[in-house]
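Structural features, examined
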Amino acid sequence: MKAYVFPGQGAQFVGMGKDLYENNEEAKALFEKANEILGFRITDLMFNGTEEDLKQTKVTQPAIFLHSVILAKSLGEDFKPDMVAGHSLGEFSALVAAGALSFEEGLKLVAKRAQAMQKACEASPSTMAAVLALPDEKVEEICSSIDHVVAPANYNCPGQLVISGTHEGIDEACEKLLAAGAKRAMKLKVGGAFHSPLMQPAEEELAEAIEASEFQTPICPVYQNVDGKPHTDPKEIKENLVKQLTAPVRWAQDIQAMIEDGADEFIELGPGAVLQGLVKKINREVATSGKQ
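None of these values were measured; they are calculated from a predicted model.

**Concerning the pairing of strand β5 (residues 160–166)**
Among the seven residues that make up β5, seven are buried, leaving the element largely enclosed by the rest of the structure. Relative to β5, strand β3 (residues 126–132) runs antiparallel, the two sharing seven bridges. Opposite L132, over in β5, you have Q160 as the bridge partner. Two strands pair when backbone bridges link them, and strand β4 (residues 150–157) and β5 are joined in this way by six bridges, in the antiparallel orientation. Counterpart to N154 in the pairing with β5 is V162.

Rendered as structure tokens:
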């Protein structure tokens, strides 16, 4: 069974989507529609901008979403997923690709999400850190022992968990995690504590926009980050999407559940190949490939 997976923030690169734009008329029309909806020419930044341009959350998130969704649409009849999932921001790409949300509604929500997250980051200076080679339970235990805000954010694969929190919280956690035997506990170059309680203001802002958007039943189950389970009910999908900003991304659980439900081929749609690598670390037996 085929599972399509969609990457999140951090996978962007200058030139992403350019081939699609230049060689596919339908793709070009969608990119131009996106420029109109966003009110700025995001294509100029994607194709010819600088890495700094692409690192701005308000650019990064719509850029990755557009690349992924337009890739899925360019496959036409060949896009026949048995199941889909997206990592963090990628969940929006997965929902649009699977028909739960229209292209326009999806892009507007992603733009809103990016702005709300940017605001929350500016209001609470914070960061994230990657922790390697320590059991999830140990990381959770250490995070909960710290007085500052610090929480598990991304369960990427066995032995790789990303944590989020205030600068003080992350510094203290990294020290304790290394002392507990972590191979690495290193701060990431990100502008805020994504998927943590510090994103609460962004979640509240996004919740209104999600509630006002029209969701349909997707063409296949969407495995959502919040619980690592398949969903097809539009009401449940909405509720999980609202919680996603402050809850951890249960990516390892998503992939394990998809494999248990019959997925034996994972195709990554979007920039980079990060998810293919994570899938292989979760289960070496399955086939992985990608389209950029």
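**A closer look at the side chain of S213**
Relative to the assigned elements, S213 resides in the loop between α10 (200–212) and β7 (222–223). The class for S213 is buried, based on a relative accessible area of 6%. S213 has contacts with L101, E105, L109 and K238, leaving out every residue within four places of it along the chain.

**Brief notes about the sheet that holds β4**
In spatial order, the strands read β4-β5-β3-β6; together these four strands make up an open sheet with antiparallel pairing. Two strands lie at the open edges of the sheet, namely β4 and β6 (184–187), each paired on one side alone. Neighbour to neighbour, the strand axes of the sheet diverge by 25° on average, direction disregarded. With four bridges joining them, β3 and β6 adopt antiparallel strand pairing.

**Overview of the pattern of salt bridges**
Inspection of the entire model under this criterion finds ten salt bridges. Among the ionic pairs, R41 bridges to D44, the shortest N-O distance being 3.5 Å. Taking relative accessible area as the criterion, R41 reaches 38% and is therefore assigned partly exposed. Exposure remark for D44: the relative accessible area of 38% places this residue in the partly exposed category. We note a salt bridge from E239 to K235, for which the minimum N-O separation is 3.1 Å. Of this pair, E239 and K235 both sit in helix α11 (residues 234–243), four residues apart, roughly one helical turn. With relative accessibility at 36%, the residue E239 sits in the partly exposed group. Look at the salt bridges and you will find they share partners, linking E32, R41 and D44 into a network.

**With respect to the nonpolar core**
Soluble globular proteins tend to bury their nonpolar side chains together. One finds F6 and L66 to be the most contacted residues of the largest nonpolar core, which totals 64 residues. Among all residues touching L66, those that are not within four sequence positions of it are F31, A34, I42, M46, F103 and L107.

**Quick word on the packing of aromatic side chains**
Per the counting criterion, the structure on display carries five aromatic pairs. Considering the side-chain rings of F31 and F47, the 5.7 Å spacing of their centres and the 85° angle between planes classify their relative orientation as edge-to-face. Remark: F47 occurs in helix α3 (residues 42–48) and F31 occurs in helix α2 (residues 25–38); sequence separation between them is 16 residues. Relative accessible area serves as the criterion here: at 0%, F31 is assigned to the buried category. Here F47 falls in the buried class, since its relative accessible area comes to 10%.

Parameters at a glance
- Residues numbered from 1 in each chain as written.
- Predicted model: local features only at pLDDT ≥ 70, side-chain atom pairs only at ≥ 80, totals over all residues.
- Heavy atoms only, no water.
- Buried < 20%, exposed > 50% of the residue type's maximum accessible area, 1.4 Å probe, protein only.
- Helix = DSSP H or I, 4+ residues; strand = E, 2+ residues; numbered from the N terminus.
- Pairing = 2+ DSSP bridges.
- Contact = heavy atoms within 4.5 Å.
- Axes fitted to C-alpha atoms, helices over the stretch in contact; angles between N-to-C directions.
- Salt bridge = Lys/Arg side-chain N within 4 Å of Asp/Glu carboxyl O.
- Core = buried A, V, L, I, M, F, W, Y, C linked by side-chain atoms within 4.5 Å.
- Phe/Tyr/Trp six-rings, centres within 6.5 Å; stacked < 30°, edge-to-face > 60°.

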